[in-house]
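Overview (structure and organization)
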Amino acid sequence: MQDYHLIPLAEKLQQRGHKNRIGFFLHTPWPPADILFTLPSYDNLLRGLSCYDLVGFHTENDRYNFAKCLLRQKVGDLNGDDCRAYGKEFRCGVFPISIDTAEFACLADRDDDLQDRFCRLAGFDVAIGVDRLDYSKGIENRIDAFNRFLQRNKHRRRKTVLLQITPKSRDKIPAYQTVQKDVAELVGRVDGELGTIGWVPVHYINQSLSQAELARVYRRARVGLVTPLRDGMNLVAKEYVAAQDPRDPGVLVLSRFAGASSELEGAILVNPYDPEDMASAIETAVDMPRDERIRRWTAMMERLREHDVYRWCHDFLASLDPPRGLAAPLDAAAPVAG
């Protein structure tokens, strides 16, 4: 089972007589106890997770927060991977989700031309952000930071652009409609104040791109801006790294509140709530010499090659069923079932 909306499912299945082992993986961050306990039904969430044989988290911090919640609630404890709660025994593990690293790198390496709508980016240093339209992604903070970067570095005007790709998300919900309105107005304000006839500082697109097209746009970008206010992992960060040209890679600027920050040590970590911090990081990234960019990228790419989505799948399933396990890692070319 995957993600928070299915937390109660194991208990319901067991009530119907199901005896098979059941694993659960949480894609969102697990909050500290003081935040979790503000929810009226927090005890039901903890009880529901205790019905699984294995509960997986993205980071060690998420697992730590979960264990602290059990201790504070005085319903259980965690000893290594072994957990007791509500009279049940189960395991908790850390399994950082990833991407098909090799496949994404191959997509970025193709020589296909990008569509005509991206031709206007030719000749500019591109900073790229790719997010669904969601208030947790920090899109307004990012645009504000890019604006401050241009205000502080006037020599970078007419040379640098921000490409923000943001497919609409839950656009029938009023809160998301407000986010769309606020982001669009901010883009218009920045472009109106700084833009010229031949240069628009922020290119804002509300459309989805194919994986192949995204990979090639990532490779063209000098800076990857992945700055959510909070995120379980954020695979955009990993896609950006995998898509880079090994001979001339770009620089990843990453929120310290994204799960990926615990793995991608070559990124420039920023506080997404501090636009001055992000503006300084953009400046550092744009001016970074090639040898340092290669050194940082190499360390991150080695991690992604070793810990791809197939490794994530293998490790979780092997932990879920330790008696049988899996004799060897899954073949990277083999499809993942279900």
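Before reading further, recall that the structure is shown in the block above.
In every chain, residue numbers begin from 1 and rise along the written sequence. Restriction of local features to residues with pLDDT of at least 70 applies here, the model being predicted, together with a cutoff of 80 or more for giving and counting side-chain atom pairs; totals for whole chains, interfaces and linings are based on all residues. Each side-chain value is worked out from all heavy atoms of the structure, with water and hydrogens disregarded.

So, on to the overall build of the protein chain. Per the secondary structure count, the protein chain includes 12 helices and 11 strands. The atom set for the radius of gyration is the C-alpha atoms, and the globule formula is 2.2 Å times the number of residues raised to the power 0.38. Taking 2.2 N^0.38 as the reference for a compact globule, 338 residues should give roughly 20 Å; the C-alpha atoms of the protein chain span a radius of gyration of 22 Å, in line with that estimate. Oriented by its inertia axes, the alpha-carbon framework of the protein chain measures out at about 70 × 45 × 35 Å. Residue burial in the protein chain is summarised as follows: out of 338 residues, 49% are buried. Secondary structure follows DSSP: runs of H or I at least 4 residues long count as helices, runs of E at least 2 residues long count as strands, and numbering of each begins at the N terminus. Here's how the labels work: a residue is buried when its accessible area is under 20% of the maximum for its type, exposed when over 50%, partly exposed in between, all with a 1.4 Å probe on protein chains only.

DSSP calls a pair of strands paired once it identifies at least 2 bridges connecting them. If you walk across this open sheet you meet the six strands as β8-β7-β6-β9-β10-β11, and the pairing is parallel. Strands at the two margins of the open sheet, each flanked by one partner only, are β8 (202–205) and β11 (268–270). Each neighbouring strand pair of the sheet contributes to a mean axis angle of 20°, computed without reference to strand direction. Of the strand pairs in this sheet, strand β10 (residues 251–255) and β11 are connected by three bridges, and their pairing is parallel. Directly across from V253, in β11, lies its bridge partner I268. In what follows, residue pairs with any heavy atoms lying within 4.5 Å of each other are defined as contacts. Angles run from 0 to 180 degrees between N-to-C directions of axes, and those axes are lines fitted to C-alpha atoms, restricted for helices to the stretch in contact. Where helix α8 (residues 211–220) meets the sheet, its contacts fall on β6 (125–130) and β7 (160–165), and the angle it forms with β6 comes to roughly 140°. Contacts from helix α10 (residues 275–287) reach β6, β9 (223–226), β10 and β11, with the element oriented near 170° to β11.

The next point concerns the packing of helix α6 (residues 139–152) against α10. In a pair of packed helices, the angle between the axes and the distance between the axes together describe the arrangement. At a minimum axis separation of 8 Å, α6 and α10 run at an interaxial angle of 60°. Relative to α10, the element α6 lies oblique. Read as a crossing pair, α6 and α10 show a hand that is right-handed. Residues N141, R142, D144, A145, F146, R148, F149 and R152 of α6 form the contact with α10, whose participating residues are P275, E276, M278, A279, S280, I282, E283 and V286. Gly is put with the polar residues, along with every residue not named as nonpolar or charged; the nonpolar set is Ala, Val, Leu, Ile, Met, Phe, Trp, Tyr, Cys and Pro, and the charged set is Asp, Glu, Lys and Arg. Across the contact of α6 with α10, the residue classes tally to eight nonpolar, two polar and six charged. Each angle receives one of four descriptions, namely roughly parallel if under 35 degrees, roughly antiparallel if over 145, roughly perpendicular if within 65 to 115, and oblique otherwise. Crossing handedness is read from the near helix: turned anticlockwise from the far helix by less than a right angle, it gives a left-handed crossing, and turned clockwise, a right-handed one.

The side chains of a regular strand alternate between the sheet's two faces. Of the two faces of β9, the one lined by V223 and L225 and the one lined by G224 and V226 are each fully buried. With two bridges joining them, β6 and β9 adopt parallel strand pairing. Looking at β9, one finds that I128 is bridged to G224. Here β9 pairs with β10 via four bridges, running parallel. If you follow G224 over to β10, its bridge partner there is L252.

A few words now on the sheet that holds strand β2 (residues 54–57). In space, the five strands of this open sheet follow the order β1-β2-β5-β4-β3, with mixed pairing throughout. Of all strands in the sheet, those with a lone pairing partner are β1 (23–25) and β3 (76–79), marking the two edges. Within this sheet the neighbouring strands show an average axis-to-axis angle of 20°, counted without direction. Pairing of β3 with strand β4 (residues 82–85) involves four bridges; the strand directions are antiparallel. Looking across to β4, one finds that N79 is bridged to D82. Sitting on the sheet, helix α12 (residues 309–320) is in contact with β1, β2 and β5 (88–94), with an inclination near 145° to β1.

Where helix α3 (residues 42–49) meets helix α4 (residues 60–73), the axes come as close as 11 Å, and the angle between the chain directions of the two elements is 115°. For α3 against α4, the interelement crossing comes out left-handed. Facing α3, whose interface residues are Y42, D43, L46 and L49, α4 presents F66, C69, L70 and Q73. Per-class residue counts for the contact of α3 with α4 are six nonpolar, one polar and one charged.

Only buried residues count toward a nonpolar core, which is a set of Ala, Val, Leu, Ile, Met, Phe, Trp, Tyr and Cys residues joined through side-chain atoms within 4.5 Å. I128, I143, L163, Y218, L252 and L254 are the most contacted members of the largest nonpolar core, which totals 77 residues. Apart from the residues within four sequence positions on either side, I143 is in contact with L162, V183, L186, V187, V190 and V202. In terms of nonpolar packing, the next biggest core, distinct from the first, is built from 23 residues, I22, F57, F66 and Y86 among them.

What follows deals with the packing of aromatic side chains. Planes of paired rings set the category: under 30 degrees apart is stacked, over 60 is edge-to-face and the rest tilted, where pairs are Phe, Tyr or Trp rings (Trp by its six-membered ring) whose centres lie within 6.5 Å. The full count for this structure, using the stated rule, is 13 aromatic pairs. Cluster of aromatic residues (ring-pair linked, three or more members): F25, F95, W312 and F316.

Bringing helix α11 (residues 290–306) into the picture now. Multiplying one less than the number of residues by 1.5 Å gives the expected span of a helix. When the terminal C-alpha atoms of α11 are compared, their 24 Å separation across 17 residues agrees well with the 24 Å that a helix rising 1.5 Å per residue should span. Every buried residue of α11 is accounted for by R293, W297, M300, M301 and L304. For α11, the buried positions fall inside an angular range of 105° around the axis, keeping them on one side. Across α11 from its buried face, at more than 90 degrees, point the exposed residues D291, R295 and E302. The arc refers to the directions leading from the helix axis to the C-beta atoms.

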